[in-house]
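Report on the structure
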Amino acid sequence: MALWIVRHARPLIAAGICYGVMDVQADAAETEQAARALAAALPMGAVLRVSPLTRCQQLARALCASRADLQARTDPRLREMDFGCWEGVAWDAIPQAALQAWTDDFGKHRFGGAESSNEVLARVARVWDEDQGEHDTVWITHAGVARAVRLLADGVRVLTRADQWPVQAPGYGQWLQLPAIKQEIPPSGG
């Protein structure tokens, strides 16, 4: 069984804008193209989880329209990182001091005041742990979630440095496929 991490199509927002949880639409033609390619590649009966953001929901609707075996389930844990007060701001307009504070304490600092990198990693890890099972699973999500999955696949659950965060993520409308890893989850407590 495999885990498919699918990134939404190109969002309809100017390049260079910080848009984590901003609810922007994706290019309709690119969404349809991605849905056709994905429909042809996915195994029958896969479990489909989708970020609640419109750009991901668009791709899920287009995919399900051509694949009756797929039933989309919205999962808010698959949303992109919340950049708080920096949402909608051009990356090059964010003060260097704010970026440096994030880099200096990358795991714990809430860049923009909303969510830390470790909080994103922890929420994605909860879905990851649930989906290590007997079925092919597809997540329609975002670049940040795809990067978190790369860390989880390598056994990383806590970030301490900015250079730990993966650079690579699927392109718009693209995906990566990981073999399912059956993990033993240690019991909570003592």
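None of these values were measured; they are calculated from a predicted model.

Remarks on the confidence of the model for the protein
Interpreting fine coordinate detail is not advised for predicted regions of low pLDDT. When pLDDT is averaged along the protein, the result is 93, and 94% of the positions lie at 70 or above. Taking the mean pLDDT of every element in the protein, the minimum, 91, falls on strand β7 (residues 175-179) and the maximum, 98, on helix α1 (residues 28-41).

Describing the packing of aromatic side chains
Throughout the structure, instances matching the rule amount to 9 aromatic pairs. Among the aromatic side chains, those forming a connected cluster through ring pairs are F83, W86, W91, W102, F106, F111 and W165.

A few points about the sheet that holds β7
Ordered by their spatial adjacency, 5 strands build an open sheet running β3-β2-β6-β1-β7, and the pairing between neighbours is mixed. The open sheet terminates on both sides in strands that have one partner only, identified here as β3 (72-74) and β7. Strand-to-strand twist in this sheet, taken as the mean axis angle between neighbours without regard to direction, amounts to 20°. Here strand β2 (residues 47-50) runs beside strand β6 (residues 137-141); their pairing, made up of 4 bridges, is parallel.

Points about the nonpolar core
Among the nonpolar cores identified, the biggest contains 29 residues, and F111, V124, W139 and V149 are the most heavily contacted of them. Contributing elements (two or more residues each) for this core: β1 (2-7), α3 (96-104), α4 (117-130), α5 (143-153) and β7.

Topic: the side chain of R67
Locating R67 in the fold gives a position in the loop between α2 (54-66) and β3. By relative accessible area, R67 is classed as buried at 7%. From its side chain, R67 meets the backbone oxygen of L42 in a polar contact 3.1 Å long. Each residue touching R67, except ones within four places of it in the same chain, is listed here: A39, L42, P43, M44 and G45.

Focus on the side chain of R123
Turning to its location among the elements, R123 is positioned in helix α4. Here the side chain of R123 touches E80 through a polar contact of 3.3 Å, landing on its backbone oxygen.

Looking at the packing of α1 against α2
Two numbers describe how α1 lies on α2: the axes approach to 9 Å, and their chain directions differ by 50°. Compared by their axis directions, α1 and α2 come out oblique. In this structure, the crossing between α1 and α2 has a hand that is right-handed. Facing α1, whose interface residues are T31, E32, A34, A35, L38 and A39, α2 presents Q58, L59, A62, L63 and S66.

A closer look at the pairing of β6
Burial within β6 is extensive, with 5 of its 5 residues counted as buried. A two-sided burial pattern is seen for β6, the buried positions comprising T137, W139 and T141 on one face and V138 and I140 on the other.

Thoughts on the pairing of β1
Counted residue by residue, β1 has 6 buried out of 6 residues, so it is predominantly covered. Side chains of β1 alternate between two faces, with A2, W4 and V6 and L3, I5 and R7 buried alike. Of the pairings in the sheet, the one linking β1 to β7 comprises 5 bridges and is antiparallel in character. Considered in β7, the bridge of I5 is made with L176. Two elements, β1 and β6, share 5 bridges in a ladder whose sense is parallel. In the strand pairing of β6, I5 is matched with W139.

Conventions we followed
- Residues numbered from 1 in each chain as written.
- Predicted model: local features only at pLDDT ≥ 70, side-chain atom pairs only at ≥ 80, totals over all residues.
- Heavy atoms only, no water.
- pLDDT = per-residue confidence, 0-100.
- Helix = DSSP H or I, 4+ residues; strand = E, 2+ residues; numbered from the N terminus.
- Phe/Tyr/Trp six-rings, centres within 6.5 Å; stacked < 30°, edge-to-face > 60°.
- Pairing = 2+ DSSP bridges.
- Axes fitted to C-alpha atoms, helices over the stretch in contact; angles between N-to-C directions.
- Core = buried A, V, L, I, M, F, W, Y, C linked by side-chain atoms within 4.5 Å.
- Buried < 20%, exposed > 50% of the residue type's maximum accessible area, 1.4 Å probe, protein only.
- Polar contact = N/O pair within 3.5 Å; in protein donor to acceptor, adjacent residues only side chain to side chain.
- Contact = heavy atoms within 4.5 Å.
- Parallel < 35°, antiparallel > 145°, perpendicular 65-115°, else oblique.
- Left-handed = near helix turned anticlockwise from the far one by under 90°.

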